[in-house]
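# Close look at the chain arrangement
So the chains spell out like this:
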Amino acid sequence: MGNYVFAQYNIELLTTEKVQQRGTRQLEAAAEMIQRLPTPDVLLVNEMDDNFVQGWEKVHNATAFLENYLREPQAPTLEGVDFEAWIAPRCNTGIPSGMDIGKDGLSGEPGTDAYARDCFSYAPYAGRYAMTLYSSFPIDMDGVRTFQRFRWADLPNHRIPTNPDRDLYLTADECERFRLPAKTVVDVPIEFPDGKIHAVIAHPSPPLADGMDTLNAPRCHDEIRFLGDYVAGADYPYDDDGFEGGLYTDERFVVLGDLNAEPGDAVTDDAVARYLLDNSRVIAATPSSPGGSEYGAPYATSNLSRGPTRADYVLPSTDFTIRSSGIGWPAKAENHRAVAERASDHFPVWVAVSE
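What you see is a predicted model; the values in this text were computed from it and never measured. (Residues numbered from 1 in each chain as written. Predicted model: local features only at pLDDT ≥ 70, side-chain atom pairs only at ≥ 80, totals over all residues. Heavy atoms only, no water.)

### Details of the pairing of strand S7 (residues 195-202)
Applicable threshold: Type-normalised accessible area, obtained with a 1.4 Å probe on protein chains alone, sets the label of each residue: buried when under 20%, exposed when over 50%, and partly exposed for intermediate values. Helix numbering and strand numbering both begin at the N terminus, where a helix is a DSSP run of H or I of at least 4 residues and a strand a DSSP run of E of at least 2. Here the rule is simple: two strands pair whenever DSSP picks up at least two bridges between them.
Burial analysis of S7 places six of its eight residues in the buried class, the great majority of the element. Sheet topology places strand S6 (residues 186-192) next to S7; seven bridges connect them, and they run antiparallel. By the bridge assignment, Asp187 is partnered in S7 with Val200. Hairpin geometry of S6 and S7 is characterised by an intervening segment of two residues between the two adjacent antiparallel strands. Where S7 lies against strand S8 (residues 252-258), six bridges are found, and the strand directions are parallel. Bridge pairing in S8 places Ala199 opposite Val254.

### Examining the sheet that holds strand S1 (residues 3-14)
For clarity, the threshold we go by: The axes are straight lines fitted to the C-alpha atoms, using for helices just the contacting stretch, and the angles between their N-to-C directions are given from 0 to 180°. Contacts: residue pairs with any heavy atoms within 4.5 Å of one another.
The six strands are arranged S3-S4-S2-S1-S13-S12 in an open sheet whose pairing can be described as mixed. Both edges of this open sheet fall to strand S3 (85-87) and strand S12 (321-327), since each of them pairs with a single strand only. Between one strand axis and the next, the sheet turns through 15 degrees on average, direction left out of account. In the sheet, S12 pairs with strand S13 (residues 349-354) via six bridges, with the strands oriented antiparallel. Opposite Thr321, over in S13, you have Ser354 as the bridge partner. Packing against the sheet, helix H2 (residues 25-35) makes contact with S1 and strand S2 (42-48), and its axis sits at approximately 165 degrees to S1.

### Quick word on the sheet that holds strand S11 (residues 312-316)
Reading across from one edge, S5-S6-S7-S8-S11 is the order of the five strands in this open sheet, with mixed pairing throughout. The strands lining the two open edges of the sheet, one partner per strand, are strand S5 (145-146) and S11. Direction of pairing for S5 relative to S6: antiparallel, over a ladder of two bridges. Each bridged residue has a counterpart across the sheet, and for Arg145 the counterpart in S6 is Asp187. Its contacts with the sheet place helix H6 (residues 216-231) against S5, S6, S7 and S8, and it is angled at close to 165 degrees to S7.

### Side note on the packing of aromatic side chains
Geometry of an aromatic ring pair is reported as the spacing of the ring centres plus the angle between the planes. Short version of the rule: Only Phe, Tyr and Trp rings are paired, with Trp represented by its six-membered ring, and only when their centres lie within 6.5 Å; those with planes under 30 degrees apart are stacked, over 60 edge-to-face, the remainder tilted.
This model, assessed by the stated rule, comprises 16 aromatic pairs. Between Phe147 and Tyr230, the aromatic rings sit 5.2 Å apart at their centres with planes inclined by 65 degrees, giving edge-to-face as the arrangement. Linking Phe147 in the loop between S5 and helix H5 (172-175) with Tyr230 in helix H6, this pair joins segments that are 83 residues apart in sequence. Pair check on accessibility: Phe147 and Tyr230 agree, each one buried.

### Overview of the side chain of Ser354
Note that Ser354 resides in strand S13. Overall, Ser354 belongs to the buried group, its relative accessible area being 9%.

### Brief notes about helix H3 (residues 61-70)
Taking burial as the measure, the ten residues of H3 include nine buried ones, the bulk of the element. Of the surrounding elements, those touching the buried residues of H3 are S1, helix H1 (16-19), H2, S2, S3 and strand S4 (131-135).

### Describing the state of the cysteines
For clarity, the threshold we go by: Any two cysteine sulfur atoms lying within 2.5 Å of each other are counted as a disulfide.
Per the counting criterion, the structure on display carries zero disulfides. Looking at Cys91, it has no disulfide partner, and the nearest cysteine sulfur is the one in Cys119, 13 Å off. The buried category is assigned to Cys91, whose relative accessible area is 7%. Unpaired in terms of disulfides, Cys175 finds its nearest cysteine sulfur in Cys119, a separation of 18 Å. Residue Cys175 is classed as buried on the basis of its relative accessible area, which comes to 12%.

### Some details on the packing of H2 against H3
Heads up, the rule is: Note that the term roughly parallel is reserved for angles under 35 degrees, roughly antiparallel for angles over 145, roughly perpendicular for angles of 65 to 115, and oblique for everything else. In this classification, Asp, Glu, Lys and Arg are treated as charged, Ala, Val, Leu, Ile, Met, Phe, Trp, Tyr, Cys and Pro as nonpolar, and every other residue, Gly included, as polar.
As a packed pair, H2 and H3 sit with axes 10 Å apart at the nearest point and diverge in direction by 85 degrees. For the element pair H2 / H3, the angle class is roughly perpendicular. Contacts between H2 and H3 involve Leu27, Glu28, Ala31, Ile34 and Gln35 from the first element and Phe65, Tyr69 and Leu70 from the second. Residues of the contact of H2 with H3, tallied by class, amount to six nonpolar, one polar and one charged.

### A closer look at H2
In terms of burial, H2 is a largely internal element, nine of the eleven residues being buried. Inspection of H2 places Gln26, Leu27, Ala29, Ala30, Ala31, Glu32, Met33, Ile34 and Gln35 among the buried residues, and these make up the whole buried set. Looking at the buried positions of H2, the neighbouring elements they touch are S1, H1, S2, H3 and helix H9 (337-343).

Structural data, given as structure tokens:
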């Protein structure tokens with residue numbers, strides 16, 4: 001019987017410039033926070049630039065983060081963390097759509113706001129805000145399914161804004177071409193010693209990034225719904241290779257991601273609870289932290305400008321039993337509280353499972 005640890009960590013602005021050299025204090029802090037967790041068998045890192053898309057093809061950022069930070073003990077009492085495999089799927093961020101999504105005319109060069117607004121997902125250049133999944137066990141690369149190009153209009157009962165009285169909306173032609181995932185949705189089968197487990201990963205748009213009257217809130221809602229439908233075995237999802245259907249009912253999985261929504265969130269119509277936490281195939285794991293508890297928000301995974309928020313999730317399928325879980329937000333009295341706050345505006349989330 002296997003005992004495994006799955007973890008999720010949004011490391012704010014993990015750029016190529018930072019990770020390709022040693023000595024970046026923020027990334028030393030982020031690596032230290034990971035090393036303080038029960039050693040993860042699977043770790044999803046959000047907001048890691050995909051430098052191969054950016055044209056920097058010497059060493060991928062996923063490898064650089066391993067070599068420059070994760071494998072190096074970041075405190076005298078800690079040990080380095082290593083992984084056997086990783087996957088950095090292509091994302092929609094910074095990919096030009098060829099459409100006037102920003103409704104201000106098609107213009108702008110990479111690096112500008114005008115350019116970013118007309119991409120399939122907002123970013124000043126391709127590969128920004130991407131993600132990497134690390135694994136201590138082999139990844140079945142032939143079995144990986146990506147849903148980067150799934151059209152938003154193909155989601156049944158979607159919530160695409162089409163009213164031209166809104167600040168942002170999609171025209172009929174744009175609806176035919178616009179993609180649902182803000183980054184991508186990926187099903188990564190991992191070969192554990194006792195069989196395959198699917199890591200289903202995503203990072204939807206923050207619903208309030210541009211205000212409420214834009215694409216972000218309904219898009220976040222619909223991407224979370226897509227995740228819930230996929231793990232429940234819905235028929236409609238099609239991947240980038242054209243294969244249709246969600247997971248089979250006998251397939252084990254763990255959903256990992258910064259979902260940018262919390263239970264009861266009115267802006268996303270409580271999407272996390274409705275489609276994932278209340279999903280009959282999902283265990284509604286509720287990790288907590290000492291730091292969040294001091295704010296009266298024990299389940300919060302980030303401390304953004306609007307206050308503590310639960311945004312990051314590790315949600316196993318009902319095939320598992322949760323042995324323990326936690327959020328790496330230390331109490332104020334702990335010495336590494338400043339380390340956690342220097343690393344990111346999010347905190348690592350982990351769940352240990354067994355069968």
